[in-house]
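# Commentary on secondary and tertiary structure
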Amino acid sequence: MLLPLTFPTYASIQDISGSSGPSININVIESNCNPEQTASFASWRTEGGFYHTAVGSPTGSIHVFSFHPTNTPNLDSRARLTITPPSEHNSPTVPSSPGRSPSQSRRHSRSLQSPSSLSFNQALINVSARARVVSGVSREQVEAPKNYVDFEDEPGRLKDLLKSSGKHERRLWERTLADAILPSFDRGVVIEQSPAPASPTLLPTLPTSPSSASSTNKNKDDPKSLLSATDSPTFSARLVSAPPSPRQLSPPSDGSPSRRTTFKASIILDPCGPGHAASAMRYVETENLLVVLQESGNLSTFDMRDSTCVATCQCITTRSYQDQFWKWKAIRMVPTGDKKYLILACASPSQPPFAEAFGLADEPRDSKARLNLFELSVGDLYGVHPTRFERLASDDWQVDGPAAGVELLMNDADSSLQLVYINSTNYLVTRCLTIIPEYEMRARARSFTSSSGHSQEDHKSLAIPNPFKAFGSKSAESVALLGQNHGPGKEQESPPAATAIRNLGRIRLEEEEFRGIVISSPEFLLEGITVRYAGLNDRIIGLAWSNTEITGFTAGEQEGSLATFAVPLRSQGQIQGVHFLDDEAFVVLSDTISHYYLRRVDADNNPTSPSSGTSIIIQAIQTTTTSVGPSSMLSWSRSSPHEVLSLRPLRSGQKEILIHTIHPRQDVSTKQQRRRLWRTQSSSSGTIPGGATLMSVLPLELNLVLLGYSDGHIRQTSLPCLLQRKYHTQSAPLSAVSSVSGSDVLFDKVSDMSLPSSILSMHLARNDRTGERYILGGTDDGGIAIWALESLKLQARFTPFIVPLTRVTQVLQSNESAGPLRGSLLCISGDGTIAVVSMEGFEMLYLIPGASSPIARIYAGGDDNNRAVLIYADGSARIWDIVSGEFLRAMTEEKAKELVDAGGWINISLGNSERTSISISTLSGSAGPVSLCTLLLSLGRFLKYTSVNVKSSGHALSSSASPSNTTLAQLRAVLSVLLTPGLSPDIDEICENKLGTSPSPSTVGFSSALATTIYHHDHPIHAWSMSAKVSAERVLAIVSVLKTLSLAEELLHDCQTVITFYSTSLAHVVGASYQAPDVVYLATQWFDSSNDVRQAAKTLFDAGIVRLSDEESIALVDAWQHHLPCLQPSIEKESAKASLALFICGYMAAEKYSLLTTSSLIDISKSIALYLHDESSAYRGLAIDLCARGFQIWQHYLDSMAMLRALYTLATNARKETIPAQNIGPQARLAVLQIASSNTPLFMTTLTLDILNPKTLDQRKAVMQLVAFMIRKRPLILYPNLPRLMEAVVKSLDPNSTASRDAVLDSATDIIGHVVKTFPTVDFHMATQRLAVGTSEGAFIMYDLKTATQLYVLEGHKRRPAACTFSPDGRRLVTVSLEEGVVLVWKVGSSFTSFFNPGAPPRQGHGGSQPFKTLNFNVGDEANMTITGTLEWVSFEWPAERSVRLHIRESVLTFST
């Protein structure tokens, strides 16, 4: 479990004499946006009127914004409707009342009442019921700018054409000014009191499914919510008047946080840095997912409720492409139904990442495109089937055309797929694409493997494309006119030869069909294409564009049926995109937003229809155009077709996001509305004049973290300082001591010399001869610097590279086969250049030039040990002479491997560097200040390390220099970041005054598969309103850290109080927006985490299922029960899904078994038994825990004795060869104790049977060891059954079975010793080998262990006896019963009459069976002593051979025997 911890206060530092700077927090967040050239920009709208944008950067980060447009100022001064924003546009919270200060609002944002004592079973605060506010505007018309109409002498005809348009075409355009400005408002003002919110569910929730036409197709009479149901705070009911047009919208009055313009999250992709740009993004509107493509080939999907990565895959199936790099830059998406989507990824030829980043090469322009097709399956509600990608193609394939000219189409009529693209000769090419079902692929695989002969025939019948087949020549004779389809004067080359049918895994590509030439101008450089089916899916209509031109086309089913039409464009800027609104309208995005509609006319320019049978000419008529300014990136979303969002830089260096609301209808009397949604707060890019910016981080230990800055210094600090450094009015100083407080040490050490360049990377190296450690730093000018770690003194500096240092690997001195590389450091730059630096004296020995591809592997050796084989990522290899630097030979990777396999070479691992901290690490790569200021904390390893130190001390208040004090500081620092102060004043007081935490400027994010999400909350409630998964991880981390902190005795009570609050009371405090922890996620963490985290996950999981409603519990079990292990094939019984299903269903059944069906309980019981009896199962621990938790349930559906015997075996397994890796013996012993307590009769029956009739001697010995364990741990469980137990132990010592007696003799002796020591009613006399056992009925049974037989029974007591004892000579047995108040003395020595009457007790000196002596006494209330009391306070002592003392608590009675 990795926790991303972001520390923004160290991102920028100032000189100690510098003036006050802006807020560092704003700089860190926004510096990721300001200096970067945006790589991609996407926007969408969700229900409730919220807008969201995602801004992709060239270094692999995505910044997600969320805002409501009604809370932002209108930039159009001529608009009559005005909305007054709050006083502080970017303040983090909205004050609860106009007169309350922001600080007061943040501290007491929900008007908390401080109770005298915490009660966690009821709400800590009173939350007012939510009210819905509905508002509207008048129908007054606003003057609109003149529209641009592309016709001259036919205005009347055009108006008639518009009037005759169908209702379907009008509906897309008919929106009033109120809909445009306030899309979530309605006319009139209504205040409606809503019912109390239902208790929040603890199950995961699916993304909402916003309708693409929700803003236009809703009934206008239905009231709409001002804020969304999930994001809105609660409102207090208040009186509001209803003016015809509102002038001001007041913030919520209950103090709850307002969802105003909010910087929501920063997503750091993995890997990140140059060459890993987020090049394309597509939003899946019905599922609230964002699909992101990186130019390096990573394809990821993000759940936009919490911006976490839910699925990822690689577009590249092979490691690299021979002699060519590709940049993946476009994705196409087609929904196929049933929550599945086809994703087509497109790539273009490119240069290596370092070449583009440092201007060493120009981007190639090639006509080829590489494609790969994936199927995105959206996960279900309960996490049974998670969201995932499936690669449909066995390998990516190429098409003859640019990547920008490729589209994927689905015919709605028959669900057929078409791959549409414009090839290198400007032909429009269509190719039928078929997805082969998975079951058919499995059937084919079986048929291929069933018969080798049949397999060979099938392979022979496959159509293999000929790579040497060229297109036909383009001579003058082959050029033909295509009539009026292409207009007069246009010529078309003959279509090239079609490509044969291809099978690529589950994809079948049919032959190419050439529709006709789309682009006739040689200057037209294709930048994009959009295509859709028109009419009744019988024709294709599309638009192709370059930077400055657009060409439209239509094509039928026949070859050569293509017709083109011109699209007039008045914009002078670069075209960013063209999107169809429907079959008849489209929008063009450039430096203007232009709307067009398509007009069909005949040869006489009269309107016509496709079914008229006459020749049709299509005209693109521009209706409106809106200027957005140069250098703006635009985004259009189908969820809001008449609104365009733009991201543009300002002259001041800032960036802002605007929303443009536009009406495409020509005759509507409105003008476009432009509204600012967000703007960076400063023009700073993170660099403070006279200061330094963080450029690299190297965590070595929890208390040793090195920071590299742009001023050329390395600074040393610790994890607690990073996380708990508070903001100052002045930025952090460059010196080691802050000017804000003389005792406030900012850095532990600072390097002695400043380098003239920034330190971009740091690496740890160790001299294996002296043991000294050094830091290697790579600078932005291609230099290498070396510092001593202990003193941070500069040791050496070189500048060998053009491209900065990226990797360092060390060759140890002990490696004698390394030749001249022995005892050196290999410093590798981004272009593959290698600088060999000696660890002794730090001299640069050799320099091996780089290549156009990064290095993949290095081998050293050869005949004279002076050679090096370098294998590169593109499949090439080179051989160098290390000493002379001479290039010897180039070869392929295969040849190089043959050479290495021949012997004499050693592999030099590129990851062979000195090991750093195992608890904290950095992100892989740099995507800006936020990624640099983020460390990944391995929570399990961190808690394992800290718990040892806390346990060793046991006290929090130890000496300041003790390890435990340092450990507690680390725990408090992490806990300060995880907690969300501001929810409860009482809890805040406990955390600050008792636990020692303090509000931290640092933040915690979420780490998923190949991405890290950093959240930027402006209110503590938002941290618990993201999603169930994020809430689960945060509360799990909080509880885990608090449990470790509670190991300090004086902090135990306060830690438990805080744990209870975060486990049970958040739903009441946060309110309706609370996302309860996801129980499925908690169950997953039980399997994947360390023991400390597992315990916390189990605690939270138990609390979660208890709070589930009956309906939710049944639905959860129904979703998972089909994946129980007993229902799976053998190969999947041990799968992660099967074990997770047993965890969820098993604990649910143990808690709420009455809700489950009998079949479900049977399947759960069988699954538990399956894991329990499988010695090789990795999940026996889970089965043991479930046995202990619900044994009383499972015993009705399977062999309970067999289950107990399995537990006996596991609890007493002491042989090393049979102990499993997870060592479940202690867990099994605890389970046995729990079952024995809850089901004592069955337990004792099984125990005695296994002692008397074991299957093996080892089993009998194991059971007797278990008895000894039970006597020590749970004596009261065995007390009522002591006679049965001791009878079984005695019989196991049968002298007639010598082997059995010898095997169990030690165990039996051990048991008898423990019984005599623990239970006063049992005594043993060593000399005579007699054993006396008292029963609860008052009798005493005498055994002879020599013969393993019962001698006789002494019946004298009529109540429960309390104790017994043999005299020293063994001839007397004294028994006592406190309830009777009597001591009985028995003669038990051997006598002459015993030979004539075996089995009878010895004569007591008088007739009958009365005891030899009866001695009465009175001890008052002690006569009612409990069994537990008798075990502890009743005992005998023999001061003489015939005198005995009876001890009853503090009373002593002496008797003569």
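Computed from a predicted model, the values in this text were never measured in an experiment.

Thresholds applied
Residues numbered from 1 in each chain as written. Predicted model: local features only at pLDDT ≥ 70, side-chain atom pairs only at ≥ 80, totals over all residues. Heavy atoms only, no water. Helix = DSSP H or I, 4+ residues; strand = E, 2+ residues; numbered from the N terminus. Buried < 20%, exposed > 50% of the residue type's maximum accessible area, 1.4 Å probe, protein only. Contact = heavy atoms within 4.5 Å. Areas by Shrake-Rupley, 256 points an atom, 1.4 Å probe, with all protein chains shown as cover. Pairing = 2+ DSSP bridges. Axes fitted to C-alpha atoms, helices over the stretch in contact; angles between N-to-C directions. Phe/Tyr/Trp six-rings, centres within 6.5 Å; stacked < 30°, edge-to-face > 60°. Lys NZ or Arg CZ within 6 Å of the ring centre and 35° of its normal. Expected span 1.5 Å × (residues − 1). Bend = angle between axes of the 7 residues up to and from the residue. Salt bridge = Lys/Arg side-chain N within 4 Å of Asp/Glu carboxyl O. Parallel < 35°, antiparallel > 145°, perpendicular 65-115°, else oblique. Left-handed = near helix turned anticlockwise from the far one by under 90°. Nonpolar A, V, L, I, M, F, W, Y, C, P; charged D, E, K, R; others polar. Core = buried A, V, L, I, M, F, W, Y, C linked by side-chain atoms within 4.5 Å. Polar contact = N/O pair within 3.5 Å; in protein donor to acceptor, adjacent residues only side chain to side chain. pLDDT = per-residue confidence, 0-100.

A count of helices and strands for the chain gives 33 helices and 69 strands. Within the chain, the proportion of its 1457 residues that are buried is 54%. Contacts spanning at least 24 positions in sequence make up 62% of the contacts within the chain whose residues lie at least 6 apart. As presented, the chain carries roughly 61,000 Å² of accessible surface, and 50% of it is formed by carbon and sulfur atoms.

For the rest of this paragraph, the subject is the sheet that holds strand 52 (residues 886-892). Judged by pairing direction, the sheet is antiparallel, and its five strands sit side by side in the order 52-51-50-49-53 without closing on themselves. Because the sheet does not close on itself, it has two edges, and the strands there are strand 52 and strand 53 (905-908). Along the sheet, successive strands turn relative to each other by an average axial angle of 25°, direction set aside. Bridge count between strand 50 (residues 867-872) and strand 51 (residues 876-881): five bridges; the pairing is antiparallel.

Across six bridges, the pairing between strand 68 (residues 1443-1448) and strand 69 (residues 1451-1456) is antiparallel. Looking at strand 69, one finds that Leu1446 is bridged to Leu1453. Connecting the antiparallel pair strand 68 and strand 69 is a turn made up of two residues, with Arg1449 showing a positive phi of about 55°.

If you trace the backbone, Thr53 turns up in strand 4 (residues 50-56). Contacts of Thr53, omitting those with residues within four sequence positions, involve Phe41, Ala42, Ser43, Trp44, His63, Val64, Phe65, Phe67, Leu645 and Ile657.

In this structure, Pro271 follows Asp270 across a cis peptide bond, with omega equal to 5°. Among the secondary structure elements, Pro271 is positioned in the loop between strand 8 (262-269) and strand 9 (278-284). Phi is positive for Ser307, which is not a glycine, with a value near 60°. Within the secondary structure, Ser307 is located in the loop between strand 11 (298-303) and strand 12 (308-314).

The next subject is the environment of Ser824. Within the secondary structure, Ser824 is located in strand 46 (residues 824-829). Taking C-alpha positions, Ser824 is 5.3 Å from Met839, a pair spaced 15 residues apart along the chain. Beyond its immediate sequence surroundings of up to four residues, Ser824 is in contact with Thr809, Gln810, Val811, Val836, Val837, Ser838 and Met839.

This next bit is on the pairing of strand 32 (residues 633-637). For strand 32, a buried count of four out of five residues is recorded, marking the element as mostly surrounded by other parts of the structure. Between strand 32 and strand 33 (residues 640-649), which pair antiparallel in sequence order, lie two residues.

If you walk through the whole model with that rule in mind, you get 25 aromatic pairs. Here the basic side chain of Arg1229 rests over the ring of Phe1269, its NZ or CZ set 6.0 Å away from the ring centre. The side chain of Arg1449 reaches across the aromatic face of Trp1433, ending 4.0 Å from its centre.

For helix 32 (residues 1298-1318), with 21 residues, the first-to-last C-alpha span of 29 Å sits near the 30 Å given by 1.5 Å per residue. Bending of helix 32 peaks at approximately 50° at the position of Leu1305. Along helix 32, the residues classified as buried are Ser1300, Val1304, Ser1307, Ala1308, Ile1311, Ile1312 and Val1315. Where helix 32 is buried, its residues meet helix 29 (1257-1273), helix 31 (1282-1291), strand 59 (1322-1325) and strand 60 (1330-1334).

Applying the stated rule across the entire model yields 26 salt bridges. The closest approach of N and O atoms between Glu893 and Lys897, which form a salt bridge, is 3.5 Å. Remark: Lys897 and Glu893 occur in helix 11 (residues 893-901); sequence separation between them is four residues, near one turn of the helix. When the shortest N-O distance is used, the salt bridge between Arg1189 and Asp1102 registers 3.5 Å. Here Arg1189 is found in helix 25 (residues 1180-1194), whereas its partner Asp1102 is found in helix 21 (residues 1091-1107), with 87 residues between them in sequence. Linked by salt bridges that have partners in common, Arg648, Glu656, Arg676 and Arg679 make up one network.

Attention shifts here to the sheet that holds strand 11. Pairing in this open sheet of four strands is antiparallel, and the strands run 9-10-11-12 from one edge to the other. In the strand order of this sheet, the two ends are held by strand 9 and strand 12, each with one partner. Averaged over all pairs of adjacent strands, the angle between their axes in this sheet comes to 20°, without regard to strand direction.

So, about the packing of helix 20 (residues 1079-1088) against helix 21. One can describe the packing of helix 20 onto helix 21 by two numbers: an axis separation of 8 Å at closest approach and a directional angle of 155°. Here helix 21 runs roughly antiparallel to helix 20, going by the angle between their axes. Where helix 20 crosses over helix 21, the two elements pack in a sense that is left-handed. In this structure, helix 20 uses Val1079, Leu1082, Ala1083, Gln1085 and Trp1086 to contact helix 21, whose residues at the interface are Arg1094, Ala1097, Lys1098, Leu1100, Phe1101, Gly1104 and Ile1105. A per-class count over the contact of helix 20 with helix 21 returns eight nonpolar, two polar and two charged.

Core analysis: the largest hydrophobic core is formed by 170 residues, its most contacted members being Trp1024, Tyr1062, Trp1120 and Phe1243. In this structure, Trp1024 is in contact with Thr980, Leu983, Ser1031, Arg1034, Val1035, Ile1038, Tyr1062, Leu1066, Val1070, Ser1073, Tyr1074 and Gln1075, ignoring residues within four places of it in sequence. Listed in part, the 27 residues of the second largest apolar core include Leu373, Met410, Tyr427 and Phe514.

Moving on, we get to the side chain of His713. On the secondary structure map, His713 appears in the loop between strand 37 (704-709) and strand 38 (714-717). Classification of His713 by relative accessible area gives buried; the value is 15%. Not counting residues within four places of it along the chain, the set of residues in contact with His713 comprises Leu707, Gly708, Val750, Ser751, Asp752, Met753, Ser754 and Ile759.

For Ile784, the location among the structural elements is in strand 43 (residues 784-788). With relative accessibility at 0%, the residue Ile784 sits in the buried group. For the pair Ile784 and Val837, spaced 53 residues apart in sequence, the C-alpha separation works out to 9.9 Å. Ile784 has contacts with Gly777, Thr779, Ala796, Arg797, Phe798, Pro800, Phe801, Cys827 and Ala835, leaving out every residue within four places of it along the chain.

Okay, the environment of Glu512 next. Relative to the assigned elements, Glu512 resides in the loop between strand 22 (507-509) and strand 23 (513-517). Taking the C-alpha atoms as reference, Glu512 lies 4.9 Å from Arg431; in sequence the two are 81 residues apart. Here Tyr421 takes part through its side chain, which lies 2.4 Å from a polar atom of the side chain of Glu512.

Before going further, it helps to spend a moment on the packing of helix 28 (residues 1240-1252) against helix 29. For the pair helix 28 and helix 29, the least separation of the axes is 8 Å and the interaxial angle reads 135°. When the axis of helix 28 is compared with that of helix 29, the two are oblique. Taken as a pair, helix 28 and helix 29 cross one another with a handedness that is left-handed. Contacts between helix 28 and helix 29 involve Phe1243, Leu1247, Asp1250, Ile1251 and Leu1252 on the former and, on the latter, Gln1259, Arg1260, Val1263, Met1264, Leu1266, Val1267 and Met1270. Within the contact of helix 28 with helix 29, the residues separate by chemical class into nine nonpolar, one polar and two charged.

On to helix 24 (residues 1158-1173), then. Counted at 1.5 Å a residue, the expected span for helix 24 with its 16 residues is 22 Å, and the 22 Å between its end C-alpha atoms agrees. Against helix 23 (1136-1152), helix 25 and helix 26 (1200-1211) lie the buried residues of helix 24.

Of all residues in the chain, 74% attain a pLDDT of 70 or more, and the chain-wide mean is 76. Scored below 50 in pLDDT, residues 451-492 makes 41 contacts in the model with residues more than four places away or belonging to other chains. In the predicted structure, residues 1216-1221 sits below a pLDDT of 50 and forms three contacts with residues beyond four places in sequence or in another chain.

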